[in-house]
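Fold and geometry: a report
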Amino acid sequence: DLAAAIDPESPGPDVNRARAHALAGRKVEAIAALREALKKGPPRTTIPLADDPELSTLRGDPGFEAILE
């Protein structure tokens, strides 16, 4: 939340929030956070979202698959 407050236009904090939600099993919140991130631009990550191990619980979810398209 602090990172988002410092740089509200950066998608990075939203991607990290999505990861935390995904790891906690909160798929709906994780997908919502990813959608927010993508509104701000493509996230700069070293691992593609589709291959991100912290987002692995979202694989196969229609909402996540739509984001990947």
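Look a little higher up for the structure.
Residues numbered from 1 in each chain as written. Predicted model: local features only at pLDDT ≥ 70, side-chain atom pairs only at ≥ 80, totals over all residues. Heavy atoms only, no water.

Next up on the list: the environment of Ala20. Position of Ala20 relative to the elements: it lies in helix H2 (residues 12–23). We classify Ala20 as partly exposed; its relative accessible area is 42%. For Ala20 and Ala30, which are ten residues apart along the polypeptide, the C-alpha to C-alpha distance reads 7.6 Å. (Helix = DSSP H or I, 4+ residues; strand = E, 2+ residues; numbered from the N terminus. Buried < 20%, exposed > 50% of the residue type's maximum accessible area, 1.4 Å probe, protein only.)

Membership of the largest hydrophobic core comes to 13 residues, with the highest contact counts inside it found for Leu34, Leu55, Leu58 and Phe64. Mapped by element, the contributors of at least two residues to this core are H2, helix H3 (27–39) and helix H4 (62–68). Excluding its chain neighbours within four sequence positions, the residues that come into contact with Leu55 are Ala18, Arg19, Ala22, Leu34, Leu49 and Phe64. (Core = buried A, V, L, I, M, F, W, Y, C linked by side-chain atoms within 4.5 Å. Contact = heavy atoms within 4.5 Å.)

So, about the packing of H2 against H3. Two quantities define a packed helix pair, namely the angle between the axes and the distance from one axis to the other. With their axes 8 Å apart at the nearest point, H2 and H3 run at an angle of 170° to one another. With respect to their mutual orientation, H2 and H3 come out roughly antiparallel. Of the residues in H3, those in contact with Asp14, Val15, Arg17, Ala18, His21 and Ala22 of H2 are Glu29, Ala30, Ala33, Leu34, Glu36 and Ala37. When its residues are assigned to classes, the contact of H2 with H3 shows seven nonpolar, one polar and four charged. (Axes fitted to C-alpha atoms, helices over the stretch in contact; angles between N-to-C directions. Parallel < 35°, antiparallel > 145°, perpendicular 65-115°, else oblique. Nonpolar A, V, L, I, M, F, W, Y, C, P; charged D, E, K, R; others polar.)

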